[in-house]
Amino acid sequence: MLGTDLVGFLRRQHEEVQAWDLPQHDITDVNRIINDIHDVGPDAIFHLAAWTDVDACESDPARAASVNFQGAWSVALAAAELGCKLVYLSTDYVFDGRSRRPYRENDTPSPLSAYGKSKLMGEQAVARTCRRRFIVRTSWLYGRHGRNFVDTIREKSRQEQRIEVVSDQFGSPTYSRDLCRPLWDLARSEHYGVFHVTNSGQCSWFQLAEEVVRLTGARCEVVPVDTARIARPAPRPQYSVLENSNFKRKFGKLLRPWQEALRSYIVEPTPAETGR
Ligand SMILES: NC(=O)c1ccc[n+]([C@@H]2O[C@H](COP(=O)([O-])OP(=O)(O)OC[C@H]3O[C@@H](n4cnc5c(N)ncnc54)[C@H](OP(=O)(O)O)[C@@H]3O)[C@@H](O)[C@H]2O)c1
């Protein structure tokens with residue numbers, strides 16, 4: 001999802017980009033991925049590839065670790081050998097959700113799920129291996145090129161009169177298109193470190209669903225329920241709002257509020273439609 005938006009964005013900035021994905025480039029094929037990166041010799045790598053199915057990761061933690069940890073490690077090794085920059089995408093799910101204030105970059109992670117653990121191991125591998133690295137934690141992504149919560153609610157609210165949505169988990173929904181410029185800003189800088197980058201503000205999944213239904217004008221009742229009512233294989237943090245303080249300090253800006261971003265996603269035309 002994010003990768004497709006980022007490649008489009010970078011090409012519109014006239015950057016020369018090679019976009020890699022399965023099946024041609026498998027990050028678990030360590031030797032091959034390192035050799036392939038050496039062959040290209042990039043100035044910067046955006047490492048977004050991951051196994052992102054949080055519930056599936058829970059039932060196969062070994063595969064989660066292989067893709068999200070060893071995959072990241074391989075890419076970091078190649079980046080370190082070449083001395084190129086590496087932007088690694090990580091997640092709010094590295095935190096346990098017990099905080100009652102937004103998480104800062106230097107708060108101690110303590111993931112609850114196999115997915116969160118594997119992404120944290122990925123962060124640690126990147127941090128230990130590669131000096132010129134940016135670890136970017138984001139949250140609750142939605143966008144035009146992949147399965148996501150906003151699209152699910154949009155679809156369900158067209159077909160059903162009543163949907164139940166969890167109201168006791170809080171985070172910051174983030175539009176994948178809004179993340180592209182910050183990732184590019186980081187990659188052109190020398191501000192190595194950990195960054196939280198999300199749309200501003202916070203809400204529950206229930207509040208996000210209500211806003212989707214309001215913007216689409218669907219005739220559907222959104223009903224708040226507790227996490228306990230909707231059993232899922234992987235535990236989620238109850239509160240995973242990320243304070244974007246490092247990014248604000250280094251770049252003097254924050255991303256727009258999540259409500260504005262969501263409105264753009266739902267009611268505004270795409271860049272392809274406007275020719276932007
Ligand atoms: N989605 C979110 O809410 C969220 C929140 C916070 C952070 N993030 C992070 O942001 C990044 C981008 O997320 P996204 O939502 O854009 O994810 P996505 O749509 O699931 O994209 C991940 C990509 O990685 C590919 N991939 C999986 N295993 C691979 C392998 N072994 N080798 C090479 N590529 C492989 C997937 O290919 P297939 O589609 O063929 O499997 C997919 O194209 C990820 O690192 C994720 O952890 C996501």
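Okay, so let's go over this structure.

Here is what the cut-offs are and how they apply
- Residues numbered from 1 in each chain as written.
- Predicted model: local features only at pLDDT ≥ 70, side-chain atom pairs only at ≥ 80, totals over all residues.
- Heavy atoms only, no water.
- Near = heavy atom within 4 Å.
- Polar contact = N/O pair within 3.5 Å; in protein donor to acceptor, adjacent residues only side chain to side chain.
- Areas by Shrake-Rupley, 256 points an atom, 1.4 Å probe, with all protein chains shown as cover.
- Helix = DSSP H or I, 4+ residues; strand = E, 2+ residues; numbered from the N terminus.
- Buried < 20%, exposed > 50% of the residue type's maximum accessible area, 1.4 Å probe, protein only.
- Contact = heavy atoms within 4.5 Å.
- Pairing = 2+ DSSP bridges.
- Axes fitted to C-alpha atoms, helices over the stretch in contact; angles between N-to-C directions.
- Core = buried A, V, L, I, M, F, W, Y, C linked by side-chain atoms within 4.5 Å.

## Let's talk about the site of the ligand
For step 1, the next point in the chain: Around the ligand sit 21 residues, and of these M1, L2, T52, Y115 and K119 come closest.
For step 2, the next point in the chain: Here A50 contributes a backbone N or O atom positioned 3.3 Å from an oxygen atom of the ligand.
For step 3, the next point in the chain: The separation between an oxygen atom of the ligand and a polar side-chain atom of Y115 is 2.7 Å.
For step 4, the next point in the chain: Computed on the free molecule, the ligand has an accessible area of 900 Å², of which 75% lies beneath the protein chains in the complex.
For step 5, the next point in the chain: Breaking the shell around the ligand down by element, the ones donating at least two residues are β2 (85-91) and α5 (114-129).

## Focus on helix α1 (residues 2-12)
For step 1, the next point in the chain: Among the residues of α1, L2, D5, L6, V7, F9 and L10 are the ones counted as buried.
For step 2, the next point in the chain: Where α1 is buried, its residues touch β1 (44-47), β2, β4 (141-142) and α7 (176-187).
For step 3, the next point in the chain: Count one or two residues on from α1 and you reach H14, which has phi positive near 65 degrees.

## Things to note about the sheet that holds strand β8 (residues 193-196)
For step 1, the next point in the chain: Strand order across the open sheet formed by 4 strands is β1-β2-β3-β8, with parallel pairing between neighbours. Looking at the sheet topology across the chains shown, the edges are occupied by β1 and β8. In this sheet, adjacent strand axes meet at a mean angle of 20 degrees when their direction is disregarded.
For step 2, the next point in the chain: The pairing of β2 with strand β3 (residues 133-138) spans 6 bridges and is classified as parallel. Bridging from a neighbouring strand, L86 pairs with R133 of β3.

## Comments concerning the nonpolar core
For step 1, the next point in the chain: L86, V150, L208 and L262 are the most contacted members of the largest nonpolar core, which has 47 residues in total.
For step 2, the next point in the chain: With residues near it in sequence (within four places) discarded, L262 still touches Y142, V150, L208, E211, V212 and L215.
For step 3, the next point in the chain: In this structure, L2, L6, V87 and L186 belong to the second largest nonpolar core, which totals 20 residues.

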